[in-house]
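A look at the structure
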Amino acid sequence: MACLCRRYSLLILLQILYIYSLGFYARTNETNKENETFPTDKKPFPWNSLKLPRVIVPLHYDLCIHPDLSTFHFTGQETIEIFVRTNTSFIILHSKDLEITSSVLLSKDDMWSSTPGKKLQVLEHPAHEQIALQSPEELVVGQVYLVTIEFHGKLADGFDGFYKSSYKTHGGETRIIATTDFEPTSARMAFPCFDEPSFKANFSIKIRREKQHIALSNMPKIKTTELGGGLLEDHFDVTVKMSTYLVAYVICDFKSLEATTSSGIKVSVYASPDKWDQTRYALNAAVKLLEFYEKHFDISFPLPKLDLIAVPDFQSGAMENWGLITYRETSLLYDPKTSSAADKLWVTKVIAHELAHQWFGNLVTMEWWNDIWLNEGFARFMELVSLNATYPELQYEDFFMNAYFGAIARDSLNSSHPISNPAETPIQINEMFDTVSYDKGACILKMLQDFLSKQVFQKGVIQYLKKYSYRNAKTDDLWNSLADICPEGDLSSGSFCFAASRPISSAFSHDGSLTEIKEMMNTWTHQKGIPLVLVKCEGNTIKLRQERFLKGVFEEDPEWANLQSRYFWHIPLTYITSSSNTVHRHVLKTKTDSLKLKEGVAWVKFNVDMNGYYIVHYEGNGWDNIITLLDQNHTLFSPQDRVNLIHNAFELVSAGRLSLDRALDLTRYLQHETNNIVFLKGLGYLESIYHVMERRNISSVSEHLKKYILRSFKPVIDRQTWNDEGSVSDRMLRSDLLLLACDLRYSPCLQKANELFSQWMGSGGNLDLPTDLLKTVYSVGAQTGAGWNYLLKQYSLSVSDAEKNKILYALTTSRHHEKLAKLITLGMEGEVIKTQNLAILLHAIARNPEGQRLAWNFVRENWKKLLEKFELASFSIRTIIFGTTSHFSSRDELEEVKIFFKSLNNQGSQLKITRVVLETITKNIRWLEKNLSSLRNWLLNNL
C-alpha cells in the first residue's frame, strides 16, 4: 500500500533566496551529452560522476514509510520539492536496492490545479547507486517542482540503511524491530534522495505501524491517524534543514525513561522492555551533557526533543541522527550489578561524543566526506572538554591520552593518510571513518587549543558554529574562524588578544611575528604522518631538528630518504627545563633550528603534558639523564609527562632510534610509580612484549619476562583488593592488573578468582561479584570445561550486555581449540552470539595463542560469507582483517597474508586496511629481528 503524502510550503521562497545567496545559481547545463555513460542495463545514463550534479537542489522531502515486520518488506512514497539551478531534462539522485514503481513531476502550475502531473522515465545506474528521472519536457531554471516517487524495498539483513533487528524477551520470544543507520551513504537504501551532505533539506516524515509498536523519528510526533486494518500512521513535525545521513526512524515496542533539561528539551532513553531499567544512568548523563553543550557553544539545541535508543543489532558504537541517536546497547545501557568503572566511562564518553555531534556534524556539516574529521575529530575532542566539566570524577583526561597512542600507532606507518583526504566511492568514504579522522583529529585540536588558549579557541569554535549553522563547511572555514578571533592587527605590537585573558605568546614564532593558523594547521591536515623532533643540548643552546617519524623503517634503509622528503610541519613546541618550571613555547617552522637559553641546563623536557602531537628524541646523553632523573625522583615530571616519556621511548625503539634495553631501563622506576595511569602505560608495554613472545612460542624469553613482571610488581599486585572501591583510575588499575596477574598464572590471583567463580556458579549466577573483577573471575573460570560451558549458558541468559561482553571475552581465553571453534560457529549463526559481535569475537580469539591460526584460517576460508554479513569497507570487516593478522611477526605469515590479499581482487584487495596490515606485520618482523637478542640479554641481567 503506497503512502499518499504531498506538501508545499511557503518556506520554499526563503529557501530559494538562501540558495541564490550562496551563489548556487549556475549558467551551464551540467547534464550534457559529453557526460553520458552506459550503466549495466546498456541504456544511456546522462551523468558519469559518482558525485551528483548541482543542477537540482532539494528543498523539502515529504516521506511516508510503511514497514511490514512480518514480511520484512517496506513500501514508501515521497514528494521532494526541488529547485532548478540550470535548465535540464533529468533529475539525478541516489537509490540503492529499491524498486521504483512510479515517478511523477508536478510544476508550479500543476500544484495549484488538479493536474495529475507528468510521468517520469526512470533510468538506473546501479554501479553508481544513482537513478535519473527523465522529464518529457525541460525543467526551467529558477523554478520549483514537486517530484513524487513510489517505491518499495526489503528491510536489510545487515546494519546499513533501513534494516531489521531482533531481541529475545525473558520468555524466549523473538521480537523484530525496524531501524535505520544511514551514515555515510545508506539513506539511498531507504528512500531515493540526494544522498550527499551538502544537499541539506527539511523533512516531513510519516510512519505506518501496527498498534503494538511505537514509531520514533528525528522530530516529535504531532499526530496519529487510524487507517483501518489495525494500522496507525504517525506524523512527525518538520525537521530543521539537515543532510540525508542524519534522517532516522525506528519502529519498535520499547519503553523509555524521560526528563527535561533546564532549557525545556525533553530527553528520553529507550530500550527493550527487559532492559528498560538500565537506562537511568544514560538519561541523567544526557541531560547534564546537553545542558553543558548549550552553554559551552552559546547555541541552544535546535530541536524540542532528543531521544537516545539502544538498538539490539548495531555495528558501530552509536550514530548521531539529529534528535534520535541510535546506540549499540553496550554504549548506552548501564547495569550497576554488572557494569564496571570502565563500562561507565565508556557509556558516558559515547553519549558525550554523540551529543557533541548535534552541533559538530548536524548543525554544521562538512561539505564532503574528505573532511569528516570536522565531525569526528571535534566530537572526540569534545568528549574531553565536556567530561572534564560535567564528570570530573571520571578522570577522563587521563584516558584521553589513548587517543594519542592510537593515532600515533597508525600515523607512524607509511600506509596512513592525511586527515583531509580525497574520498569518492562509498568504500573510500567508509574508510575515512578511522583513527586518523577521530583520534588524530582530536589530538591536533587539543594541540591548537593549547597553542591559542582555551578562551580564544572556544570563541573561535562558537564563531564557526554560528557562522555555518544549517550549512556546510570545509577545514579552511574552521581555521579562518579561529584566526578571526585574534586578527593580526591586534597582535602585531605584542598586546593582549581582545578575546583572551592572557597574551597569546604561543601564537608567535621565535622572531615575534604572528604565526598564521591556516598555514600552520595545513601542515597537519594536508599531509600524513607525525613529526619526530630531535633535541640536542649543547651548553645553553638547544639544537632542534624535525623529521618524519616512521616505525619499521630505519635510517640505513634505502627507502628512508625518499619517505622523508617533502615532509615538514609547523610544530608548536612546548618545553620545560631543569632551571624553570615555566612552560616555554616555540614554533618550529623549519627543518632545523636552535634555542638560546639564559644558562646551561641539566635536562630539558619537550611536549609538556603531551599536549602536542609529535614524538621527541633526546640525542646525546638526553635519555640517560631522563632515566637517571626518573630513578632518583620521578615526580620532577608531571604524570602526563611521565606517560609521554614512556610512550616516546618505546616508539623510538620501533623506529630504530633508541635501543630496547634503554627503554626497558626507563621502566625500572615503575616499582615506585604511584600514578595509576602512568603505571598502566609502562606495564602495558611489558605486557605487549610478553604476548608477542607467547604468540611466537619463544618460551625462554616469555617465561623470563613473566618472572620479571611478577617479581617487580608483586607488591602492587598484592595491594589490590577484590572489590569495587576507589576512584575510577584505582578501579581500572585493579581490573587490568589482576587480569594480567591471573593470565601470568600468579598463584594468589588464581586462587582468589577460582574461589569467587565457584561461589558464583554455586549460586546459579545470582551472586553479585565486584563488577571491575568480572572479566578476571570469568576468564579464570573459563579454563575448565565445566566453567566454560556454564559461562556460555549464562551468556545466553543474561540481559546485561555489559556482562555478556565480559563473558564473551572470558570464553575466548580458553586454550581448547574446539571450544574456540564453537564460538566462531555461534557468531556466524548469529543467534546466541549476535552477528554484530562477530568481528570483535574473531579479534579476541586471534589474540589467544591457541586461537590465532584458527581465526586467520577461518577468515581466509569464509571471506565471501563474511561479506554477506558486512559491507566491504565496514568497520566490522576492517576489524576482522586487522584483528586476525596484525599480530603476525614471521616472514611466512607475511607471505600468507600477501597471497590472501592478492586473491581478493575486487572483494577487498583495494581496501587501505590491507596496506596497513602488511606494513604492520613487516614492522613486527623487523622489531623482533632487531630487538630479540637485546630483550633476552636485558632480562638475564635484570632477573
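Quick note: structure is the one above.
Residues numbered from 1 in each chain as written. Predicted model: local features only at pLDDT ≥ 70, side-chain atom pairs only at ≥ 80, totals over all residues. Heavy atoms only, no water.

Some words on the environment of Leu 823
Of note, Leu 823 is situated in helix α24 (residues 817-829). The buried category is assigned to Leu 823, whose relative accessible area is 0%. For the pair Leu 823 and Pro 44, spaced 779 residues apart in the sequence, the C-alpha separation amounts to 50 Å. Those residues in contact with Leu 823 that lie beyond four places of it in its chain are Trp 788, Leu 811, Thr 812, Ile 833, Leu 841 and Ile 845. (Helix = DSSP H or I, 4+ residues; strand = E, 2+ residues; numbered from the N terminus. Buried < 20%, exposed > 50% of the residue type's maximum accessible area, 1.4 Å probe, protein only. Contact = heavy atoms within 4.5 Å.)

Describing the nonpolar core
By size, the foremost hydrophobic cluster in this structure holds 311 residues, and its most contacted members are Ile 91, Phe 191, Tyr 249, Ile 351 and Phe 606. The contacts of Ile 91, once residues within four sequence positions are left out, are Ile 56, Ile 82, Leu 105, Leu 120, Ile 131, Ala 132, Leu 133, Leu 139, Val 147 and Phe 194. Of all hydrophobic cores here, the second largest spans seven residues; its members include Phe 83, Val 104, Leu 106 and Leu 146. (Core = buried A, V, L, I, M, F, W, Y, C linked by side-chain atoms within 4.5 Å.)

With respect to the pattern of salt bridges
Side chains carrying opposite charge are able to pair once their charged atoms draw close together. Under the defined criterion, the tally for this structure stands at 47 salt bridges. The residue Lys 118 makes a salt bridge to Glu 137 at a minimum N-O spacing of 3.8 Å. Of the two residues, Lys 118 is situated in strand β5 (residues 118-119) and Glu 137 in strand β7 (residues 130-139); the sequence distance between them amounts to 19 residues. Taking relative accessible area as the criterion, Glu 137 reaches 42% and is therefore assigned partly exposed. Here the salt bridges do not stand alone but share partners, grouping Arg 545, Glu 547, Glu 555, Glu 619 and Arg 657 into one network. (Salt bridge = Lys/Arg side-chain N within 4 Å of Asp/Glu carboxyl O.)

Details of the sheet that holds strand β6 (residues 121-125)
The strand order β3-β7-β6 describes an open sheet built from three strands, whose pairing is antiparallel. At either margin of the open sheet sits one strand with a lone partner, and together these are β3 (88-94) and β6. Averaged over all pairs of adjacent strands, the angle between strand axes in this sheet comes to 25 degrees, irrespective of strand direction. The sheet contact formed by β3 and β7 spans six bridges and is antiparallel. Of the residues in β7, the one forming a bridge with Phe 90 is Gln 134. (Pairing = 2+ DSSP bridges. Axes fitted to C-alpha atoms, helices over the stretch in contact; angles between N-to-C directions.)

Thoughts on the sheet that holds strand β4 (residues 99-106)
The strand order β5-β4-β8-β2-β1-β11-β14-β13 describes an open sheet built from eight strands, whose pairing is mixed. Here the strands that pair on one side only, and so sit at the sheet edges, are β5 and β13 (221-228). Here β4 runs beside strand β8 (residues 144-154); their pairing, made up of seven bridges, is antiparallel. When the sheet's bridge partners are listed, Ser 103 is paired in β8 with Ile 149.

Some points on helix α3 (residues 280-297)
With 18 residues, α3 extends 26 Å between its outermost C-alpha atoms, agreeing within 8% with the 26 Å of an ideal straight helix rising 1.5 Å per residue. Taking burial as the measure, the 18 residues of α3 include 13 buried ones, the bulk of the element. Residue Asp 298 follows α3 closely and has a positive phi angle near 55 degrees. (Expected span 1.5 Å × (residues − 1).)

A few points about the packing of aromatic side chains
With the rule as written, the count across this model stands at 46 aromatic pairs. Their ring planes at 5 degrees and their centres at 4.6 Å tell us that Tyr 61 and Phe 203 sit as a pair that is stacked. Taken as a pair, Tyr 61 in strand β1 (residues 56-68) and Phe 203 in strand β11 (residues 202-210) lie far apart in primary sequence, 142 residues in all. Judged by relative accessible area, Phe 203 falls into the buried class, the value being 0%. Aromatic pair Phe 360 and Tyr 464: ring centres 6.3 Å apart, planes at 20 degrees, arrangement stacked. Within this pair, whereas Phe 360 is found in the loop between α4 (341-357) and β21 (364-366), its partner Tyr 464 is found in helix α9 (residues 454-467), the two being separated by 104 residues in sequence. (Phe/Tyr/Trp six-rings, centres within 6.5 Å; stacked < 30°, edge-to-face > 60°.)

Regarding empty space enclosed by the protein
Throughout the structure, instances matching the rule amount to eight cavities of 30 Å³ or more. Its boundaries defined by the atoms lining it, the largest cavity holds a volume of some 90 Å³. Forming the boundary of the largest cavity are 13 residues, of which Leu 50, His 94, Arg 188, Trp 368 and Glu 424 lie nearest the centre. Of the residues that constitute the lining of the largest cavity, the class distribution is five nonpolar, three polar and five charged. Taken as a whole, the second largest cavity holds about 60 Å³ of empty space. If you go around the second largest cavity, the residues you meet are Leu 532, Glu 547, Arg 548, Phe 549, Leu 550, Val 553, Trp 560, Gln 564, Ala 655 and Arg 657. Among the secondary structure elements, those contributing two or more residues to the lining of the second largest cavity are β24 (541-548) and α13 (560-564). Considering only residue class, the lining of the second largest cavity consists of six nonpolar, one polar and three charged. (1 Å grid on protein atoms, 1.4 Å probe; cavity = no way out; pocket = protein on both sides within 12 Å on 5 of 7 lines; lining within 4 Å. Points joined across faces, edges and corners; volume = space filled by probe spheres on them. Nonpolar A, V, L, I, M, F, W, Y, C, P; charged D, E, K, R; others polar.)

These values are about where atoms sit, not about what they do.
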